[in-house]
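Close look at the chain arrangement
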Amino acid sequence: MNSTKIWLSSPHMGGGEQKYVQEAFDTNWIAPLGPNVSGFEQDLERYLGGQCHVAALSSGTAALHLALLVLGVQAGDEVICQSMTFSASANPIVYLGATPVFIDSETTTWNLCPIALENAIQDRIRLGKKPKAIVAVHLYGVPFQVEAIQAISKKYEIPIIEDSAEALGSSYQQQKCGTIGDIGILSFNGNKIITTSGGGALVAKDSKIKEKVVFWATQARDQAPHYQHSEIGYNYRMSNVCAGIGRGQMEVLENHVQARRAMHAFYLDIFKNIEGVTVFQATSESYANYWLSAIIVEESKTNGITREQLRLLFEKENIESRPLWKPMHLQPVFANCPYYGTQIAASLFEKGLCLPSGSNLTDMERDRIQKVVADLFLNNSNEL
């Protein structure tokens, strides 16, 4: 462990961030408002296109919470949620006193299974509990089956919250992720494709939704010379300093996407002749940012080599890797929530591994990663 740590997905500054942050300090715009906030929102709106309206917030989780509020989710309601995801996709449902109904993955995109989704909706309607929304995730930056999920949404008149926390820079048939659902959410956490340190955004098609979200996110202060509140509000607005980082990051977003896609191509190359290892790929209709590159390791085809052996060997060499998200329906905190599907998400979790995918990885670091793979799969050096 003498070598420096290779991280799964570390922040990658482009160099332009500091000028925006310095402007915030020079003008004393340190509060959670200011020119960087509106500028960052405009940068995102230009990038996403499609007449969208963006509200910059303190996190992607906050964006999802407010998206649920926009759609009228209340205590006692049910909300469909992809099971193979990070817990932040489901937690805001519980914040509101609603119940997540978890849905299995399909094998192509690892996202919402349309068959299980429709089965769940039909069953919940039969039970008198029509879901109020569908939280659909673009897992690791790979778009879900958009046409199939949209068709079900339209058929049953249930809106889609498009969880694009991992998918800024991805698209489906040239439509940017974040603009596909009825409401979209983005994340700028430290490990994302671009970062504002913390932070997120809500993407709406209607400017009135953005106005309402900003109102809630700034403690729901009524128009009055004094502090007056007719609704419950939240301290969810992004700060001007963090937004300054975001403005600088937007200048290098496309470079980051290309670098992540190059890492994905690197993994396709090093695993191409290793039987039993499959690199996760988007469909031909999709363009993925490959925020994280991931593989499936089939023990039955690798002479007994497992996902966990590879992870531990990476760890021994000071290289971070991580199992896929543990499905929400297998999490203790959600043990009593409804689940629809089979064992696809569970199987992906057991066999899948996320690999170092940062846009700032060097050739020397790639050599270290490749050596671990070769030692384990090609040189049969699997002693830990």
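Anyway, here's the lowdown on the structure attached to this text. Each chain has its residues counted from 1, following the order in which its sequence is written. At least 70 in pLDDT is required for a residue's local features to be given in this predicted model, at least 80 for side-chain atom pairs to be given and counted, and no such filter applies to totals for whole chains, interfaces and linings, which use all residues. As a convention, hydrogens and water are excluded, and side-chain values are obtained from all of the structure's heavy atoms.

Before going further, it helps to spend a moment on the overall build of the chain. Secondary structure elements follow DSSP: runs of H or I of four or more residues count as helices, runs of E of two or more count as strands, with numbering from the N terminus. Within the chain, the regular secondary structure consists of twelve helices and 15 strands. For the radius of gyration, the atoms used are the C-alpha atoms, and the globule rule reads 2.2 Å times the number of residues raised to 0.38. Taking 384 residues into account, the globule formula puts the C-alpha radius of gyration at 21 Å, and the chain, at 21 Å, falls close to it. Principal axes of the C-alpha set define a box for the chain whose edges measure 75 × 60 × 35 Å. Only protein chains enter the area calculation, which uses a 1.4 Å probe; residues under 20% of their type maximum are buried, those over 50% are exposed, and those in between are partly exposed. Looking at the chain as a whole, 57% of its 384 residues qualify as buried. When contacts within the chain are restricted to residue pairs at least 6 apart in sequence, long-range pairs at least 24 apart make up 73% of them. Only the protein chains shown count as cover for residues, and all accessible areas are computed by the Shrake-Rupley method using a 1.4 Å probe. Surface summary for the chain: the accessible area is close to 16600 Å², and the carbon and sulfur share equals 49%. Here, two residues are considered to be in contact whenever any of their heavy atoms come within 4.5 Å of each other.

Even without glycine at this site, Gln173 takes up a positive phi of about 50°. Relative to the assigned elements, Gln173 resides in the loop between β6 (171-172) and β7 (175-176). A residue is classified by how much of its surface remains accessible, and Gln173, at 46% relative accessible area, is partly exposed. Here the phi dihedral of Asn318 falls at roughly 65°; this positive angle occurs in a residue that is not glycine. Note that Asn318 resides in the loop between α10 (307-316) and β13 (322-323).

This brings us to the packing of helix α1 (residues 17-26) against helix α8 (residues 240-250). Every angle, taken between N-to-C directions, lies between 0 and 180 degrees, and every axis is a line fitted to C-alpha atoms, over only the stretch in contact when it is a helix. Running from amino to carboxyl end, α1 crosses α8 at an angle of 155°, the nearest separation of the two axes being 7 Å. If you check the angle between α1 and α8, you find them roughly antiparallel. Handedness of the α1/α8 crossing: right-handed. Within the contact between the two elements, α1 uses Glu17, Tyr20, Val21, Ala24 and Phe25 and α8 uses Asn240, Val241, Gly244, Ile245, Arg247, Gly248 and Gln249. Ten residues, namely Ala, Val, Leu, Ile, Met, Phe, Trp, Tyr, Cys and Pro, are considered nonpolar, four, namely Asp, Glu, Lys and Arg, are considered charged, and the remaining ones, Gly among them, are considered polar. Split into classes, the residues belonging to the contact of α1 with α8 amount to six nonpolar, four polar and two charged. Throughout, the term roughly parallel applies to angles under 35 degrees, roughly antiparallel to angles over 145, roughly perpendicular to angles from 65 to 115, and oblique to all others. It is the rotation of the near helix from the far one that decides the hand of a crossing: anticlockwise by less than a right angle makes it left-handed, clockwise makes it right-handed.

This part takes up the side chain of His138. For His138, the position within the fold is in the loop between β4 (134-137) and α6 (146-156). Between N or O atoms, a polar contact is any pair within 3.5 Å; within protein, one atom must be a potential hydrogen donor and the other a potential acceptor, and residues adjacent in sequence are included only when both atoms are from side chains. At 2.7 Å, the side chain of His138 and the side chain of Glu162 are in polar contact. Setting aside residues up to four positions removed in sequence, His138 forms contacts with Asn111, Pro143, Phe144, Glu162, Asp163, Ser164, Glu166, Ala167, Cys177 and Ile180.

Turning to the packing of helix α9 (residues 253-270) against helix α12 (residues 363-378), a few remarks are in order. Packing of α9 against α12 leaves a shortest axis separation of 11 Å and a crossing angle of 30°. Relative to α12, the element α9 lies roughly parallel. Taken as a pair, α9 and α12 cross one another with a handedness that is right-handed. Contacts from Met263, Phe266, Tyr267 and Ile270 in α9 reach Arg366, Ile369, Gln370 and Val373 in α12. Residue composition of the contact of α9 with α12, by class: six nonpolar, one polar and one charged.

Among the structural elements, Ile194 can be located in the loop between β8 (183-187) and β9 (200-204). Between the C-alpha atom of Ile194 and that of Gly169, which follows or precedes it by 25 residues, the distance is 9.7 Å. Here Ile194 is in contact with Leu168, Ser187, Phe188, Asn189, Gln249, Met250, Leu253 and His256, once residues within four sequence places are set aside.

What follows is about the sheet that holds β7. Taken in spatial order, the three strands of this open sheet run β7-β6-β11, and their pairing is antiparallel. Single-partner strands in this sheet number two, and they are β7 and β11 (286-287). Two strands pair under a simple rule: DSSP has to find at least two bridges between them. Bridge analysis of β6 against β11 gives two bridges, and the strand direction is antiparallel. Bridging across to β11, Tyr172 finds its partner in Ser286.

Our focus in this paragraph is the sheet that holds strand β12 (residues 293-297). Judged by pairing direction, the sheet is antiparallel, and its four strands sit side by side in the order β10-β12-β15-β13 without closing on themselves. Taken across any chain shown, the strands that pair with only one partner, and hence form the sheet edges, are β10 (277-279) and β13. Contacts between α10 and the sheet are confined to β12, β13 and β15 (352-355), with β15 contributing the most and set at about 25° to the helix.

Once that is clear, we can look at the pattern of salt bridges. Counted as salt bridges are all cases of a side-chain nitrogen of Lys or Arg within 4 Å of a carboxyl oxygen of Asp or Glu. Within this structure, the stated rule accounts for 18 salt bridges. The residue Glu41 makes a salt bridge to Lys210 at a minimum N-O spacing of 3.1 Å. Note that Glu41 is positioned in helix α2 (residues 35-48) and Lys210 in helix α7 (residues 207-217), a separation of 169 residues in sequence. Since its relative accessible area comes to 4%, Glu41 is described here as buried. Classification of Lys210 as buried rests on a relative accessible area of 19%. Taken together, the salt bridges that share partners define one network made up of Glu41, Glu45, Lys210 and Arg237.

Let's shift gears to the packing of aromatic side chains. Whether two aromatic rings pair depends on their centres lying within 6.5 Å, for rings of Phe, Tyr and Trp, where Trp uses its six-membered ring; planes under 30 degrees apart make the pair stacked, over 60 edge-to-face, and the rest tilted. Applying the stated rule across the entire model yields ten aromatic pairs. Arranged with centres 3.7 Å apart and planes meeting at 5°, the rings of Trp110 and Phe280 form a pair that is stacked. Taken together, the positions of Trp110 in the loop between β3 (99-103) and α5 (114-126) and Phe280 in the loop between β10 and β11 put the pair 170 residues apart, joining distant regions of the chain. Taking the relative accessible area as the measure of exposure, Trp110 reaches 4% and is therefore buried.

The values are spatial; any link to function lies outside them.
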